[in-house]
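Below are the chains, spelled out letter by letter.
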Amino acid sequence: MIPQAVYILFGAAFTMAAAWSLGMLILRAGGVRLFAQEETWLAFVPGCAVLSTIVFVLMCVSGGRKAVFLIVGLLILAWAWRRGVMAKSASADLPRFPPLPIWQRVLFGVPFAFFTVLYWANAMAPEMSPDGTTYHLGLVARYLRGHGFERITTNMYASLSEGVEMLYAFAFAFGKHSAAAMVHFSLTVTLAVLILCYGRRIGKPLAGIVASILVYASPVVGIDGTTAYIDAAVGTILFSVFYLVQIYLEERQAGLLAPIGLAAGFAFAAKYTSFLAIPYALVMVGWAARKLDRGKLKAVAVVAVCAFLVAVPWPAKNWIWMQNPLAPFFNAWFPNPYVHVLFEKEYRENMANYGLKDLKAIPWEVTVSGEHLTGFLGPAFLLVPLGLIALRRREGRHLLAAGLLFGATYFGNIGTRFLIPVAPFFALAMALVLAEWKALAVMIVLAHSVLSWPKITYKYAHNYAWRLQTIPWKAAIRKEKEADFLSRCWACAIAKMIDQNTPPGSTILAQNGVAESYTSRNILVQFQSAPTIVINDAIYTGFISDYAPIHHLTYAFAPQKLRKLRAVQLDKLVSPQQWSVSEFRVLSTGKEIPRSPEWRLRANPNPWDVQLAFDNSPVTRWRTWQAAQPGNFLEIDFGREVEADAVRLEISPDQNTKVRIEGADASGAWRVLSDKFELKIVEPPVELRRAAMREVRTHGIDYLLFAEGDFGAEDFLEDPEAWGVKFVAEKNRSRLYKILEPPLKGSHP
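Report on the accompanying structure. (Residues numbered from 1 in each chain as written. Predicted model: local features only at pLDDT ≥ 70, side-chain atom pairs only at ≥ 80, totals over all residues. Heavy atoms only, no water.)

Details of the overall build of the protein chain
Consideration 1: The helix and strand tally for the protein chain stands at 27 helices and 15 strands.
Consideration 2: Here the C-alpha radius of gyration of the protein chain, 29 Å, is about what a compact globule of 749 residues would show, namely 27 Å.
Consideration 3: For the protein chain, the spread of C-alpha atoms along the principal axes amounts to about 95 × 65 × 50 Å.
Consideration 4: Out of the 749 residues belonging to the protein chain, those deemed buried represent 59%.
Consideration 5: If you take every contact in the protein chain between residues at least 6 apart in sequence, the share linking residues at least 24 apart comes to 76%.
Consideration 6: Summed over all atoms, the accessible surface of the protein chain reaches about 31100 Å², with 61% contributed by carbon and sulfur.
Consideration 7: If the 73 positive side-chain charges of the protein chain are averaged to one point and the 58 negative ones to another, these points end up 11 Å apart. (Helix = DSSP H or I, 4+ residues; strand = E, 2+ residues; numbered from the N terminus. Rg over C-alpha atoms; globule rule 2.2 N^0.38 Å. Buried < 20%, exposed > 50% of the residue type's maximum accessible area, 1.4 Å probe, protein only. Contact = heavy atoms within 4.5 Å. Areas by Shrake-Rupley, 256 points an atom, 1.4 Å probe, with all protein chains shown as cover. Lys, Arg positive; Asp, Glu negative; His and termini not counted. Charge placed at Lys NZ, Arg CZ, Asp CG, Glu CD.)

And the structure:
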C-alpha cells in the first residue's frame, strides 16, 4: 500500500513541475535571456497562469478528473522534455549571478533552512485552516466530485476568481488537501528566492537577503503560505509581475511581453484585489516602449491579450451564471437575486474595520499584536518607514510605487494577511537602506528570525493571534493518523459528524461555516447568499415577535375598476432600514379578491422575491434588501380590469415607512387612490415555528446545524418539538437537527 505522504508529494510536485515546464516553454519560445538562477524561478508564475487556465477550461467541459489531469500533466512534461527545457545544457550559456560571500550564504541559508523545515511539516500535515477547509478547498472538492464547475448560487465565495484554486484542484485530485497546501508552500518558497534574486540583479545582494528573510520568516506568511489560503501565492504573482516588468524596462526583450501579460492576468484570476497588476503592466510596458512607434502598440497589445486570456474567464463565468461579472461585489451596479446590496454594504463595512475602534491601531496590530486583524508580520516591519530613504535610488522609487499601487485596495479588508502581497516591496525598500550598514542588516535578520519562531512569538504577540505553533512531524509523514490529527480541528470534527449522521445527498443549512472540504454533503451557510438569507429570515420569523406580520394596514378608496395596482414607498430611509411586506391583499366589499395565475407581479427593487408578498405564508416577506427609497414599489397587473375598493398590507412591526396606493385603469394612467390607512394589530399566527420549517423544507433543506451561541440556537434546544425538528447528533457544541415537517404543497426546491 502506497503511503499517503507519497500521494501528497506527488500531487504537489506534479502540479508545480507542469507549471514550471509551461513557464520555461514560454520563456524559451520568446528567446528570453535571464540570469540562470532567476530564469528557473521566474518561470513558475507564467506557467501557473497557463496551467490554471487549462484547468479552468477542463472544468467547463466536465474534465475535472484525475485521469484527465494526469494525461494533461504528462503531455506538458513530455513536451518540455522534447523541447529540451529540462536539459542542463539549455541554460549553460546563460549568465549567472556572482557567487555570494560565505557569510551572506550563511545569513540567508540558516534561517531559510529552519523556516523551510517548519513550513514543510505544517504544509504536509492535514489541512485544518478555517478558510482553506471551508471554501478554498470546499469548492475544489465539490468541483472534483462533479468533474467540473456547477452553477452555485448559494455561496458567494464560488463567484470569486479562483485562479490559484485551479492549481489546488490539479494537486488535490492526486493528494487531497495537503497536496494543495504544498502547492501554496512551493509558491511561498518561490517568493523568497525571487526576492533574493532581485536583490542580486540590482547589485544589492545583502538587501535581497534581508528582505527575503523578513518576508519568508514573517509569522503571518508562515501560517498563510502553508495552508490552502492564497495570499502568499498572490504575493508571488505580484512580485513576479514587478520583476518581469523591471527586466523589460532595462533590456526591452520582446519575449518578456507574454510572460508579463500572463502573470498580470493571473494576478486578477487569483484575487480581485490584485486587478491593478494589469494596468501596472500595461502602463509600464507602454512607457518602456514609448520610443518604438508602432512597436509600442504591439508591445502593449501582447501584454493585454495575454492578460485577457487568463483574467477574463472568471468575470465571463459570473456574467453567465450570476448576472454580475464582478460577483459577489458591485451588486448595485449589476442587480441580481444572489447577493443583496445591503449584505454587500455591511460585509464591506465589517472587513474595513474588524471591530477596531481606531484605525491608528493598525500598525501595531499587523506587526506585533495580531489580536484583532488575524496574524502579524513581525516587529521588524515597524521599521518600514525607513524605506522612504530608499527614494534616493531608482530601485527604491519603483519598489515603493509598486507597493503603494498594489496596496491601494488594502483598506477594503484590513486583515494582516492582505498585506502579504505588498510586503516584498516594502521589505526590499527598507532593506536597501539597512544594507548600507552590514552589522545592522545582520542584526535585523537574526532578530527577526528569532522573534518569528513560533515559541518566541508567544512572548509578545497576543495568545490568539494566527500563527504556526509547532513542527508536526508525525502528522506530516502520517505516522499520526490523519483522522486523529483532524479530531483536534473543531470544524473538521463537525463535518465528520454531519457525514456520519446524514444520508448522501442531504442538504444542511448552517448558521456559520463548516469544513466543507471534509464532507460530501451539500452545506448551505445562511449568510453566504441572498437565497439562504431569505430562508433564514423565515426561521427568525418563527421566534422573533417583531418579524411576525401582525400589523395590518388597510387602505380604503372609492370602488372602481382597475387594471393595475401598486403600493409605492414615499420615505427615504437610512441604511440598513428596509421596506418589507409579508402579504399584499386586494379587497372588494370587505373580501379578498382571489389571486389568479393571470396576475403579473413586479417589484422595485428586488423583483426576484416579489412572490413572497403573495404566497399566503406568515413566515415569508418581500423585502427591499437595501435602504428604502421613494419610488420603491410592489405592483400587480391583473391581466384584466377588476373591481376593488381597498388594499391590505400585512407587515411586521420592525419598520416605520410611509406608503401610498396607486391604481391604473385600462388606459394605463396611474393615479393616487389612498395614502391613509387603518391599522389593526392582530395576534401572531399559530405555530409559526412549524410554518418556518415547512418553508425551509420547500427549498430542499433536510437538516439544520446550530452551534452554541448562534442566534436562535437556544430556542431549538429548549423546544425542538415546537419547531417540528428532531435532534440527531452533537459535536463540539454544535447540534444537528432533522426537519420533520413536510415541504409546502406545490413547492419546488
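Further notes follow.
Description of the pattern of salt bridges
Oppositely charged side chains may form a pair once their charged atoms are brought near each other.
Consideration 1: Applying the stated criterion across every chain yields a total of 37 salt bridges.
Consideration 2: Where Glu635 meets Arg602, a salt bridge forms, and the shortest distance between an N and an O atom there is 3.2 Å. Of this pair, Glu635 sits in strand 9 (residues 633–651) while Arg602 is found in strand 7 (residues 600–604), placing the two residues 33 residues apart along the sequence.
Consideration 3: As a salt-bridge pair, Asp654 and Arg621 come within 3.3 Å of each other at their nearest N and O atoms. With Asp654 in the loop between strand 9 and strand 10 (659–664) and Arg621 in the loop between strand 7 and strand 8 (622–623), this pair connects stretches of sequence that are 33 residues apart.
Consideration 4: Given a relative accessible area of 32%, Asp654 falls into the partly exposed group.
Consideration 5: The exposure class of Arg621 is buried, given its relative accessible area of 4%. (Salt bridge = Lys/Arg side-chain N within 4 Å of Asp/Glu carboxyl O.)

Brief notes about the side chain of Thr502
Consideration 1: When you line up the elements, Thr502 lands in the loop between helix 23 (490–501) and strand 1 (507–510).
Consideration 2: Assessed through its relative accessible area of 6%, Thr502 is described here as buried.
Consideration 3: A polar contact is formed between the side chain of Thr502 and the backbone oxygen of Ile498, at a distance of 2.6 Å.
Consideration 4: Look past the residues within four positions of Thr502 in its chain and what remains in contact with it is Arg521, Tyr703 and Leu736. (Polar contact = N/O pair within 3.5 Å; in protein donor to acceptor, adjacent residues only side chain to side chain.)

Regarding the packing of aromatic side chains
Consideration 1: Inspection of every chain in the model, using the stated rule, returns 49 aromatic pairs.
Consideration 2: Centre to centre, the rings of Phe406 and Phe425 are 5.6 Å apart; their planes meet at 55°, and the pair counts as tilted. Here Phe406, found in helix 17 (residues 394–406), pairs with Phe425, found in helix 18 (residues 423–434); they are 19 residues apart in sequence, far enough to count as distant. Comparing Phe406 with Phe425, the two get one shared label, buried.
Consideration 3: When the centroid spacing of 6.2 Å and the interplanar angle of 70° are considered together, the rings of Phe727 and Tyr737 count as edge-to-face. A residue pair is termed long-range when its members are at least 10 positions apart, and Phe727 in strand 14 (residues 725–731) and Tyr737 in strand 15 (residues 734–739) qualify at 10 residues.
Consideration 4: The exposure class assigned to Phe727 is partly exposed, which follows from its relative accessible area of 34%. (Phe/Tyr/Trp six-rings, centres within 6.5 Å; stacked < 30°, edge-to-face > 60°.)

Re the sheet that holds strand 1
Consideration 1: Spatially, 2-1-13-15-14 is the arrangement adopted by the 5 strands of the open sheet, whose pairing is mixed. Whereas interior strands pair on both sides, the edge strands pair on one side only; in this sheet they are strand 2 (522–525) and strand 14. Here the average twist between neighbouring strands, direction ignored, is 25°.
Consideration 2: Bridging between strand 13 (residues 703–707) and strand 15 involves 5 bridges; their strand directions are antiparallel. Within strand 15, the residue paired with Leu704 across the bridge is Tyr737.
Consideration 3: Lying over the sheet, helix 23 contacts strand 1, strand 2, strand 13, strand 14 and strand 15, oriented at roughly 135° with respect to strand 14. (Pairing = 2+ DSSP bridges. Axes fitted to C-alpha atoms, helices over the stretch in contact; angles between N-to-C directions.)

A closer look at the packing of helix 5 (residues 102–124) against helix 19 (residues 438–452)
Packed helix pairs are characterised by how far apart their axes lie and by the angle those axes make with each other.
Consideration 1: Across the interface, helix 5 lies against helix 19 with an axial gap of 11 Å and an inter-helix angle of 10°. Classified by the angle between their axes, helix 5 and helix 19 sit roughly parallel to one another. Mapping the contact onto sequence places Trp103, Leu107, Pro111 and Phe115 in helix 5 and Lys438, Val442, Val445, Ser449 and Ser452 in helix 19. (Parallel < 35°, antiparallel > 145°, perpendicular 65-115°, else oblique.)

As for a nonpolar patch on the surface
Consideration 1: A cluster of nonpolar side chains, namely Ile102, Val106, Val110 and Phe114, defines an oily patch on the protein surface of about 400 Å² accessible area.
Consideration 2: Structurally, the position occupied by Val106 is in helix 5.
Consideration 3: The exposure class assigned to Val106 is partly exposed, which follows from its relative accessible area of 45%. (Patch = residues over 30% accessible without salt bridge, like charges linked within 9 Å, V, L, I, M, F, W, Y side chains within 5 Å.)

Quick word on the environment of Leu486
Consideration 1: Tracing the sequence through the fold places Leu486 in helix 22 (residues 482–486).
Consideration 2: Judged by relative accessible area, which is 10%, Leu486 ranks as buried.
Consideration 3: When the C-alpha positions of Leu486 and Tyr518 are compared, they lie 10.0 Å apart, and in sequence the two are 32 residues distant.
Consideration 4: Each residue touching Leu486, except ones within four places of it in the same chain, is listed here: Pro126, Glu127, Met128, Cys492, Ala493 and Tyr518.

Quick word on helix 17
Consideration 1: If you check helix 17, its first and last C-alpha atoms are 18 Å apart, about what 13 residues at 1.5 Å a residue would give, namely 18 Å.
Consideration 2: For helix 17, the complete set of buried residues consists of Glu395, Gly396, His398, Leu399, Leu400, Ala402, Gly403 and Phe406.
Consideration 3: Contacts from the buried residues of helix 17 go to helix 7 (163–201), helix 10 (231–251), helix 12 (277–288) and helix 18. (Expected span 1.5 Å × (residues − 1).)

Describing unusual backbone geometry
Consideration 1: Residue Pro328 is reached from Ala327 by a cis peptide bond, and omega for that bond is 10°.
Consideration 2: On the secondary structure map, Pro328 appears in the loop between helix 14 (313–322) and helix 15 (341–351).
Consideration 3: Along the chain, Asn604 connects to Pro605 via a cis peptide bond; the corresponding omega equals 0°.
Consideration 4: Structurally, Pro605 is set in the loop between strand 7 and strand 8.
Consideration 5: Notably, His147 is not glycine yet its phi reads approximately 65°, a positive angle.
Consideration 6: With a phi close to 55°, Asn606 is a non-glycine residue in the positive phi region.
Consideration 7: In this fold, Asn606 is placed in the loop between strand 7 and strand 8.
Consideration 8: Here Asn606 falls in the buried class, since its relative accessible area comes to 8%.

Quick word on the side chain of Thr532
Consideration 1: Assignment of secondary structure puts Thr532 in helix 24 (residues 530–541).
Consideration 2: With a relative accessible area of 1%, Thr532 lands in the buried category.

Description of helix 16 (residues 362–369)
Residues spaced three or four apart along an α-helix point in a common direction, a consequence of the helix completing one turn every 3.6 residues.
Consideration 1: The buried fraction of helix 16 amounts to 6 of the 8 residues, a majority that puts the element mostly inside the structure.
Consideration 2: Considered for burial, the residues of helix 16 that qualify are Ile362, Glu365, Val366, Thr367, Val368 and Ser369.
Consideration 3: Taken from the residues just after helix 16, Gly370 is the one with a positive phi, measuring 70°.

Re the environment of Asp637
Consideration 1: Summarising the element assignment, Asp637 is placed in strand 9.
Consideration 2: Sequence spacing of Asp637 and Leu565 is 72 residues, and the spatial spacing of their C-alpha atoms is 6.7 Å.
Consideration 3: In terms of polar contacts, Asp637 uses its side chain to reach the side chain of Arg563, at 2.9 Å.

With respect to the state of the cysteines
Consideration 1: Within this structure, the stated rule accounts for 0 disulfides.
Consideration 2: Unpaired in this structure, Cys60 has its nearest cysteine sulfur neighbour in Cys48, at a distance of 19 Å.
Consideration 3: Residue classification places Cys60 among the partly exposed positions, given a relative accessible area of 47%. (Disulfide = S-S within 2.5 Å.)

Some points on the environment of Thr227
Consideration 1: Structurally, Thr227 can be placed in the loop between helix 9 (219–224) and helix 10.
Consideration 2: Separated by 49 residues in sequence, Thr227 and Ser178 place their C-alpha atoms 8.0 Å apart.
Consideration 3: For Thr227, the residues in contact, after removing those within four places along its chain, are Glu127, Ser129, Tyr168, Ala181 and His184.

These figures capture arrangement, not role.
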